[in-house]
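Each chain is listed here by its residues.
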Amino acid sequence: MCRLALPLGNIGAAPGWRKGASGFSYNSTAGEVTQGIDGSGLTAIVTGASSGIGSETSRVLALRGVHVIMAVRNMAAGKDVKETIVKEIPAAKVDTMELDLSSLASVKKFASDFKSSGRPLNLLINNAGVMATPFMLSKDNIELQFATNHLGHFLLTNLLLDKMKETARKTKREGRIVNVASEAHRFAYREGVRFDKINDSKSYNSFGAYGQSKLANILHANELTRRLKEDGAEITANSLHPGMITTNLFRHMGVFDGLVSNLGKLVLKNVQQGASTTCYLALHPQVKGVSGEYFLDNNLATTTAKAKDMDLAKRLWDFSMELVK
């Protein structure tokens, strides 16, 4: 059974720049939160690893000795990031594999190829995402943000779960699943998830749809936690908000993109800070056994009531299973 190694109060949330009970804060970098941690012997998959916090997450995990599989849509960009990491860290174990999360066929091929490789899997970092896009459908005719940010990761996790359970049993080391969500879950559609209107272009709101997909990331981790505990699997699943970061996620947001470009360095996190909570959840011993929680700035944080709604989480799970069949 997954169990809490520490009372949750010991890693409570702290807003802003003040250090929380974890000893880390808004300003902490991924390098700082993993300092002194030995990740050798662990294997991780990081989605969306060719840019932004995905590439920094990959770099820092590799720096700590983790064998990193960079799951990328753009293989040329992924190769460039891999070469940069290996140049900095000659002993780094990094591989790239192609993955387009907006395509269920691509997710299935990736999972099949990974399992065929015979590699173990300790850490699954569901990081990739698109933000506030105009209304578009995925290759499977599902609204693009829901398809990419939630459904692709939902299927990927399900397809790799047996491999993670097997690895945890054989190595006697806890597996960890980390969903990169967002505080934008607070701005999801009023009903949370529009099960009956997922593809409704007329009522589509780009940021509401983004919030819906990020709410789904949190609900997914929570329902996954419940199922893993029922199975007695030594695997945890948590979600997080990385912070407002100067990345290319803002490219579809018009004037706001310009503001980000001009003011970003003053008010937003850099990628080293943005990747910190992901790396903290992936490697830090403080969160051993902690599952079904939401983190912000390397500390526990609160969500909306909808994000804690286990009936909604169960409905989303069943809905997602139908979509990926």
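Quick note: structure is the one above.
The following refers to the structure shown. Computed from a prediction, not measured in an experiment: that's the story for all the values here.

1. Some remarks on the overall build of the protein
Right, so step 1: Within the protein one finds 10 helices and 8 strands.
Right, so step 2: Expressed as a percentage of its 325 residues, the buried residues of the protein come to 57%.
Right, so step 3: If you take every contact in the protein between residues at least 6 apart in sequence, the share linking residues at least 24 apart comes to 76%.
Right, so step 4: Entry remark: accessible area of the protein is about 13700 Å², with carbon and sulfur atoms responsible for 53%.

2. Concerning the sheet that holds strand β3 (residues 94–98)
Right, so step 1: Spatial ordering of the open sheet is given by β3-β2-β1-β4-β5-β6-β7-β8, a layout of 8 strands whose pairing is mixed. One side of each edge strand has no neighbouring strand; the edge strands of this open sheet are β3 and β8 (299–300).
Right, so step 2: Sheet contacts for helix α4 (residues 104–116): β1 (43–47), β2 (67–72) and β3; angle to β3, the most-contacted strand, approximately 140°.
Right, so step 3: Helix α6 (residues 206–231) contacts β5 (175–180), β6 (235–241) and β7 (294–296) of the sheet and is inclined by roughly 160° relative to β6.

3. A short note on the side chain of S106
Right, so step 1: Within the fold, S106 resides in helix α4.
Right, so step 2: What makes S106 buried here is its relative accessible area of 17%.
Right, so step 3: S106 has contacts with L99 and D100, leaving out every residue within four places of it along the chain.

4. Brief notes about the nonpolar core
Right, so step 1: Core analysis: the largest hydrophobic core is formed by 49 residues, its most contacted members being I45, F146, L160 and I177.
Right, so step 2: Elements represented by at least two residues in this core include exactly β2, α4, α5 (144–171), α6, β6 and α10 (310–324).
Right, so step 3: Top contributing element to this core by residue count: α5, with 9 residues.
Right, so step 4: With residues up to four places along the chain from it excluded, the contact list for I45 reads I69, A71, F110, F114, L121, L123, L124, I125 and L160.
Right, so step 5: If you look at the next biggest cluster of nonpolar residues, it comprises 37 residues, including V33, I53, V60 and Y280.

Calculation notes
- Residues numbered from 1 in each chain as written.
- Predicted model: local features only at pLDDT ≥ 70, side-chain atom pairs only at ≥ 80, totals over all residues.
- Heavy atoms only, no water.
- Helix = DSSP H or I, 4+ residues; strand = E, 2+ residues; numbered from the N terminus.
- Buried < 20%, exposed > 50% of the residue type's maximum accessible area, 1.4 Å probe, protein only.
- Contact = heavy atoms within 4.5 Å.
- Areas by Shrake-Rupley, 256 points an atom, 1.4 Å probe, with all protein chains shown as cover.
- Pairing = 2+ DSSP bridges.
- Axes fitted to C-alpha atoms, helices over the stretch in contact; angles between N-to-C directions.
- Core = buried A, V, L, I, M, F, W, Y, C linked by side-chain atoms within 4.5 Å.

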